[in-house]
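Notes for the structure review
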Amino acid sequence: MDEIKAKIDQHMKHKEYDCALALIESELLQPYLPPGFAKTYLEYKQEILASKPVVKKHIEPETCFTMILENHHPLVALSHLEHVPLVHYHHQIQRIFDHVSDEFVIGLLIQLCVQQQLTTTFTLSKHGQRMEFVPMYVMSVDQSDGYLAIDALIRDVFENDNPSLMLMCQSLLMQEALLHLPLNLEEDDRDPYGFAIIKHVLLAMDDDQQWQQIKAVYDVKEDTLQEISQLSTH
């Protein structure tokens, strides 16, 4: 038994959980174990179970679309739709575009359609304008020239001195880019959006002094900055 325990200890040390669990289960079925062995094995088993990823409960696609329409945990529903072939759900998707007003949710759904390269034509009202788009011909948000240019600007400002602020700005950039879909950010948007994002994050951190320094260094004209959208929370 000592030899088997030594093997289990070695497997656990190297996080070879599948090998360890098979031996542990076999050992726990034995009619006798030396003092302390059972306790150790049960602790090992808890460690192994804790290491396994949580299995996400399956939600049927039709239920996901209903959740989005009813604004009932729409981000959870969208996370499930990532693994659904959306090509079979044109009417459900169009219904969401017709009836859901949350632009962030709409942007995320468009991004899913873009990632799956759907060839269907969808219609969408945005800021009072009706537009048609085919997801296959829409660029993913993080691949557009405008997104890449703004991201490069944010990196230039923060990467060496304050990577945490850089990540906050990049997160806001992604949100703004999603809100633009099915249109993409353009290279001309670099300064108006890039510095608007930087200003928004710094003022949210109550750091007007750093914003004033950046504004001076980069000769930023505040009247040229774009307004940052106020996102809803879910």
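This text goes with the structure placed above it.
Residues numbered from 1 in each chain as written. Predicted model: local features only at pLDDT ≥ 70, side-chain atom pairs only at ≥ 80, totals over all residues. Heavy atoms only, no water.

In the segment running from Leu181 into Pro182, the intervening peptide bond is cis, with an omega of 10°. Summarising the element assignment, Pro182 is placed in the loop between α9 (163–180) and α10 (190–204). Notably, Lys15 is not glycine yet its phi reads approximately 55°, a positive angle. With respect to the helices, strands and loops of the structure, Lys15 is situated in the loop between α1 (2–13) and α2 (17–28). Given a relative accessible area of 56%, Lys15 falls into the exposed group. Its identity as a non-glycine residue notwithstanding, Gln117 has a phi of 55°, on the positive side. With respect to the helices and strands, the residue Gln117 is situated in the loop between α7 (103–115) and β1 (122–126). (Helix = DSSP H or I, 4+ residues; strand = E, 2+ residues; numbered from the N terminus. Buried < 20%, exposed > 50% of the residue type's maximum accessible area, 1.4 Å probe, protein only.)

Moving on, we come to the pairing of strand β2 (residues 129–133). Where β1 meets β2, 5 bridges bridge the pair, whose relative direction is antiparallel. Directly across from Leu124, in β2, lies its bridge partner Met131. Count of turn residues in the β1/β2 antiparallel hairpin: 2 residues, of which His127 carries a positive phi of about 50°. (Pairing = 2+ DSSP bridges.)

What follows covers the nonpolar core. Nonpolar side chains tend toward joint burial in soluble globular proteins. Counting 58 residues, the largest nonpolar core has Leu81, Leu86, Ile93, Phe97, Ile154, Phe158 and Ile198 as its most contacted members. Other than its neighbours up to four places away in sequence, Leu81 contacts Pro61, Cys64, Phe65, Ile68, Leu86, Leu112 and Gln116. If you look at the next biggest cluster of nonpolar residues, it comprises 11 residues, including Ala20, Leu21, Phe37 and Tyr41. (Core = buried A, V, L, I, M, F, W, Y, C linked by side-chain atoms within 4.5 Å. Contact = heavy atoms within 4.5 Å.)

Attention now moves to the packing of α10 against helix α11 (residues 208–217). The contact between α10 and α11 brings their axes to 8 Å, and the two run at 155°. One finds that α10 runs roughly antiparallel with respect to α11. Relative to α11, the crossing made by α10 is right-handed. Taking contact as the criterion, the partners of Phe195, Ile198, Lys199, Leu202 and Leu203 in α10 are, on α11, Asp208, Gln210, Trp211 and Ile214. Classifying every residue of the contact of α10 with α11 gives 6 nonpolar, 1 polar and 2 charged. (Axes fitted to C-alpha atoms, helices over the stretch in contact; angles between N-to-C directions. Parallel < 35°, antiparallel > 145°, perpendicular 65-115°, else oblique. Left-handed = near helix turned anticlockwise from the far one by under 90°. Nonpolar A, V, L, I, M, F, W, Y, C, P; charged D, E, K, R; others polar.)

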